[in-house]
Amino acid sequence: MANLIRTDHQQHIPKKRKRGESRVFRLKTFGESGHPAELNELSFRDNLAKLLDFGHFESSGLMGSWSFQLEIQRHPNPLYVLLFVVEEPIEASLNLRCNHCQYVGWGNQMICNKKYHFVIPSKETMAAFLKLEGGGYIFPEKESLSHLVDLQGHVLHGLFHSNGFGHLLSVNGIETGSDITGHQVMDLWDRLCTGLKARKIGLNDASHKKGMELRLLHGVAKGEPWFGRWGYRFGSGTYGVTQKIYEKALESVRNIPLCLLNHHLTSLNRETPILLSKYQSLSTEPLITLSDLFRFMLNLHSRLPRDNYMNNSRNQIISIDSSNCRWSQKRIQMAIKVVIESLKRVEYRWISRQEVRDAARNYIGDTGLLDFVLKSLGNQVVGNYLVRRSLNPVKKVLEYCLEDISNLLPSSNNELITLQNQNSMGKMATNGHNKITRGQVMKDMFYFYKHILMDYKGVLGPIGGILNQIGMASRAILDAKYFIKEYHYIRDTSAKTLHLDRGNKLGIFCTIAWKCHHHNNEIKIPPQECIVVKKDATLSEVYGEAERVFREIYWELRDVVVESLADGQREIIRVDEMAMMNWNKGLVLEGNVGMMMNIEVMKCYEDDDKKKDKRIECECGAKEEDGERMVCCDICEVWQHTRCVGVQHNEEVPRIFLCQSCDQHLIPLSFLP
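Cut-offs and rules
- Numbering of residues starts from 1 in each chain and follows the order in which that chain's sequence is written.
- The model is predicted, so local features are restricted to residues of pLDDT at least 70 and side-chain atom pairs to those at 80 or more, both for listing and for counting; the totals for chains, interfaces and linings are taken over all residues.
- Excluded from the side-chain calculation are hydrogens and water; included are all heavy atoms of the structure.
- Working definition: helices are DSSP H or I runs of at least four residues, strands are E runs of at least two. Numbering for both runs from the N terminus.
- Note on classification: 1.4 Å probe, protein chains only; a residue is buried when its accessible area is under 20% of the maximum for its type, exposed when over 50%, partly exposed between these limits.
- By the convention used here, residues are in contact when the closest approach between their heavy atoms is within 4.5 Å.
- Exposure was quantified through the Shrake-Rupley algorithm and a 1.4 Å probe, taking into account, for residues, occlusion by the shown protein chains and nothing else.
- At least two bridges found by DSSP between two strands is the condition for calling them paired.
- Definition used for salt bridges: Asp or Glu carboxyl oxygen within 4 Å of a side-chain nitrogen of Lys or Arg.
- The disulfide criterion used throughout: a pair of cysteine sulfur atoms within 2.5 Å.
- A crossover counts as right-handed when, viewed with the strands pointing away from the observer, the path leading from the first strand over the helix to the second turns clockwise.

A. Seen up close, the overall build of the chain. Along the chain, the regular secondary structure elements total 20 helices and 28 strands. Across the 673 residues in the chain, those meeting the buried criterion constitute 49%. Summarising the internal contacts of the chain: among those between residues at least 6 apart in sequence, 69% fall at separations of at least 24. Of the roughly 34,200 Å² that the chain leaves accessible, carbon and sulfur atoms contribute 50%.

Below, the structure written as structure tokens:
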């Protein structure tokens, strides 16, 4: 939008690396301003050129490559990784169209002349990429550069189109053998995107850990995917999932009350309620919803040191504060024993608080003491028993139940109850011999993930209905795979009219509107680009610079010729007139492409039209390809997802397939054997 920028003051430009000079850059700061380059240009392509000036260049046929040595740590042992930047011209691409753009929702983007792959290979992909001769590595042959970007399993693989749109294709952390964490990789990628002034970045979220899909785990815990920490938001879904469906699914799962699950899961298994009580006891804040539980466990896991522990409340010595009450410790201990015996007599069934209170009053006449003890015992371990407390979602009353967990806990010689004063922080004193590890938290998290979020099939009764609803919502969250980050660069430039930069030049944001003659003269307008001209440049000089820039970026505009200003824009003769008029809408130029280019573009669009003729009418609501496997009906030639028609992912697509509609309308040929 607003887009006239003036350049007057001289910026400090760092000294470039001499050819043959070996340089090492710090991973922690690489991509920031001045590390290694001052990325202060107004366009992606100019900032990229400045960055690549500091790389070690290798030419190999059509594809060029730059490498950067990044230092992870210096002490005690130096550790480095290599970042490759591979330039892929359109002549070296197998496909003109980018499938990643189509799936994330940018299918109508114009085709760019180049892609730039940013790759940090893993040990495995590096071994497959480089050739080992005589005990040393040599740089790969020409054809292997394309092999590098095609390999799967890189620590980092992101690509940029020459217009600043891009895709994050791979992130792998320490769990896959990398020397850097996933957070470090993402911080590096985000610094690069910000510094280079990328426009938008899309990704297909396949992140997982210990068998758990992180977009579901973090979605339930925090309301956003793991990549949400870096600003990625819903872009598009698969299997017909829209943003509205995704947000509703997140809301419904995150707000499930734990008391509802706790009450109904008792009849399903004993481990889940015990684990719920365990983490409710560990938390200093009440865990009310499913979101509270997973968020607390993720935070707890991140705080625990590796191979270390913290006190475990499952077998803790309960501490009841008796300093501020009127009863002696002896009377409190007696009341606790009475309550436990009362719960034992009902054979581990759920009974209301009033029923427990009435049974205990046969032995303890002080109702105030009983109320105090019942409040203190909720969801606590007493010896070999867990006193569980839950709100009945139907009757809206508190209920108690006793669980024998002697077979789940290590033996203990502790007394039934040890009455001590709480410390000033209000925390319970615990048995130092009982520990919880980081690994145990992850194991428990996986248990909840599997048995609450995923394992819902075949369960009957009220809990079956609840788990089935959770499972359906979880499936919708998992089907939302494509996320996008829009960088502030686009919005920032729209707020600028003029600002000083260097010398006597102006930065003008402009675009070229041109007609697609093979598409009913449809007007196509690419995103605005910044062109730099002299302050006193004429309009014809602006036209010439715009032609050069857009020819460099877009394949479809390789021979574009700018003819005039677009209709409705005020006529000007020189660029400085724009500054005097406070021009802030950007410049729209009209242009045409040559006949030969039109023929090549026409062939490409004919292929696109054939793809558009492909009928996609799936029962999930999908109308376009979303990257998931599909099957075509052999009669009506309508495409549907294999999952939606009952073909499992581990099954082959049937050679002959009939959709449900065609199958029902087939006339049975009874005379055939």
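On we go.
B. Region of interest: the sheet that holds strand S19 (residues 398–404). Strand order in the open sheet made by the 4 strands is S16-S19-S18-S17, with antiparallel pairing throughout. On the outer flanks of this sheet lie strand S16 (351–352) and strand S17 (380–382), each paired with one strand and no other. One ladder, built from 7 bridges, connects strand S18 (residues 385–391) with S19; its direction is antiparallel. What sits directly across from Ser390, in S19, is Glu399.

C. Structural detail: the pattern of salt bridges. In this structure the tally under the stated criterion is 25 salt bridges. Residue Lys114 is joined to Glu87 by a salt bridge in which the shortest nitrogen-to-oxygen separation is 3.2 Å. Residue Lys114 is found in strand S6 (residues 114–120), and its partner Glu87 is found in strand S5 (residues 79–89); the two are separated by 27 residues along the sequence. In this structure, Glu545 engages Arg548 in a salt bridge whose closest nitrogen and oxygen atoms are separated by 2.6 Å.

D. Geometry of the environment of Glu224. With respect to the helices and strands, the residue Glu224 is situated in the loop between helix H6 (214–222) and strand S14 (233–236). The class of Glu224 is partly exposed, set by a relative accessible area of 23%. Separated by 10 residues in sequence, Glu224 and Phe234 have C-alpha atoms that sit 8.8 Å apart.

E. Geometry of the state of the cysteines. Tallied over the entire structure, the rule returns 0 disulfides. With no disulfide of its own, Cys620 lies closest to Cys618 among cysteine sulfurs, the gap being 3.7 Å. Given a relative accessible area of 23%, Cys620 falls into the partly exposed group. Its sulfur unpaired, Cys659 is 3.5 Å from the next cysteine sulfur, which belongs to Cys662.

F. Representation of the pairing of strand S11 (residues 200–204) within the structure. Note that strand S10 (residues 166–171) and S11 share 3 bridges and pair parallel. Opposite His167, over in S11, you have Gly202 as the bridge partner. In the classification by handedness, the crossover that spans S10, the intervening helix H5 (residues 182–196) and the parallel S11 is right-handed. Bridging between S11 and strand S21 (residues 482–486) involves 5 bridges; their strand directions are antiparallel. Of the residues in S21, the one forming a bridge with Lys200 is Glu486.

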